[in-house]
Amino acid sequence: MNNSSSGQDPLLLLVEDEQDTADLVTLIMKERGYQVLHAADGSVALEKVALMPPPSLVMLDIQLPHIDGITILETIRATPDWENVPVIMLTAVADQDKIKKVRALTVQDYVLKPFRQETLLRSVDQSRTTSARPQ
Amino acid sequence: MKPILMSSIKNQDKTTDTRLIGEEPMEYTQPKEIGAEGEELVHIDASFEPLIPKFLTNRKKEVVTMQAALAAQDYETVRTVAHGMKGAGGSYGFDRITDMAAVVEQAAKTGDASTIERDLPALGSYLDRVKVVYE
């Protein structure tokens, strides 16, 4: 079951290797009413995808130690229960080829770092109204 | 397929501007505001205050890390650290950190030691001078 419908605070899986950025996103999202589960590298993130129920939202960096964010996104979209989880890419990578790959896998938004708090929160609000897969 | 949004407020690499939806890029560089004792003032969201001391301490450590890496001609470490700093700086409200880190990151990609040698001390000096005003 998706955590967003469990009656608890919605759960965000944040995949981010830069600790200060993770701390900032955690602060912002906790104020927004989310529980935040932080994975600091790609290997830990893949463990979460394999072992835990789907969260309400994933925020995913691209440039990560061990396994990159695009591989994690591919795994999310190929994993039953997780395939429709909203994903917001949160990255300083503006490379055209990588963005094409991300588009093919469908994400709710692509937020470039550095980000503004209001931009991030607007993206979160939009992710609630768009599905991961086109209907 | 539903297009992804592009909520970033600045694209760091104008040659790969892939914005699909969202506002126009805005200029990031903050105008310099000098305090009475010559310090550079930066206005930061008061809700970020608990995170700022550690954020600034970590950036100073990263300047030292990049200086050591430069001395060893380890441009990949310089690039990686500068990439993370570029993403974190402006997210906290320190746009000049992002601007300077972006220059260092680009120089590291091309092995441009002279630019890094010029800009790392400037970055360190900025971190020593900056004074945060919470609002």
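What you see is a predicted model; the values in this text were computed from it and never measured. (Residues numbered from 1 in each chain as written. Chains lettered and ligands numbered in written order. Predicted model: local features only at pLDDT ≥ 70, side-chain atom pairs only at ≥ 80, totals over all residues.)

## Considerations on unusual backbone geometry
Generally, phi is negative for residues other than glycine and the peptide bonds are trans, each holding for most cases. With omega at -5°, the peptide bond leading from A:Lys113 into A:Pro114 counts as cis. One can find A:Pro114 in the loop between β5 (109–112) and α5 (117–129). Positive phi, normally seen in glycine, also occurs at A:Asp81, with a value near 80°. The residue A:Asp81 is located in the loop between α3 (69–77) and β4 (87–91) in this model. Phi is positive for B:Gln73, which is not a glycine, with a value near 55°. For B:Gln73, the position within the fold is in the loop between α1 (52–71) and α2 (75–92). (Helix = DSSP H or I, 4+ residues; strand = E, 2+ residues; numbered from the N terminus.)

## Points about the environment of A:Leu14
Residue and element names in this part refer to chain A. As for its placement among the helices and strands, Leu14 is situated in strand β1 (residues 11–15). The class of Leu14 is buried, set by 24 C-beta atoms lying within 10 Å. Here the alpha-carbon distance between Leu14 and Asp61, two residues 47 residues apart in the chain, equals 8.4 Å. (Buried ≥ 20, exposed ≤ 12 C-beta atoms within 10 Å, placed from the backbone.)

## Re the environment of B:Tyr75
All names here are of chain B. Within the secondary structure, Tyr75 is located in helix α2. According to the C-beta neighbour criterion, Tyr75 is partly exposed, with 19 such atoms within 10 Å. The spatial distance from the C-alpha of Tyr75 to the C-alpha of Ser114 is 12 Å, given a sequence separation of 39 residues. Once residues within four sequence positions are removed from consideration, Tyr75 is found in contact with Ala108 and Gly111. (Contact = placed C-beta atoms within 7 Å.)

## Points about α3(A)
Residues and elements named next belong to chain A. When α3 is considered as a whole, its buried residues turn out to be Gly69, Ile70, Ile72, Leu73 and Ile76. Taken down its axis, α3 places every buried residue within 155° of arc, on the same side. For α3, the elements touching its buried residues are β1, α2 (42–51), β3 (57–60), β4 and α4 (96–105). (Arc of directions from axis to C-beta.)

## Focus on helix α4 (residues 113–129) of chain B
Counting along an α-helix, one turn takes 3.6 residues, and residues three or four places apart therefore face a common direction. All names here are of chain B. For α4, with 17 residues, the first-to-last C-alpha span of 25 Å sits near the 24 Å given by 1.5 Å per residue. When α4 is considered as a whole, its buried residues turn out to be Ile116, Asp119, Leu120 and Leu123. Taken around the axis of α4, the buried residues stretch over an arc of 115°, which confines them to a single face. Looking at α4, the residues exposed on the side facing more than 90 degrees away from the buried face are Ser114, Pro121, Ser125 and Asp128. Where α4 is buried, its residues contact α1, α2 and α3 (95–109). (Expected span 1.5 Å × (residues − 1).)

## Looking at the packing of helix α1 (residues 19–31) of chain A against α2(B)
Running from N to C, α1(A) and α2(B) cross one another at 35°; their axes reach a closest spacing of 9 Å. Handedness of the α1(A)/α2(B) crossing: left-handed. Along its contact with α1(A), which presents A:Asp20, A:Thr21 and A:Leu24, the element α2(B) presents B:Gly87, B:Ala88, B:Ser91 and B:Tyr92. Of the residues contributing to the contact of α1(A) with α2(B), the split by class is three nonpolar, three polar and one charged. (Axes fitted to C-alpha atoms, helices over the stretch in contact; angles between N-to-C directions. Left-handed = near helix turned anticlockwise from the far one by under 90°. Nonpolar A, V, L, I, M, F, W, Y, C, P; charged D, E, K, R; others polar.)

By themselves, these are just geometric observations and shouldn't be taken as functional.
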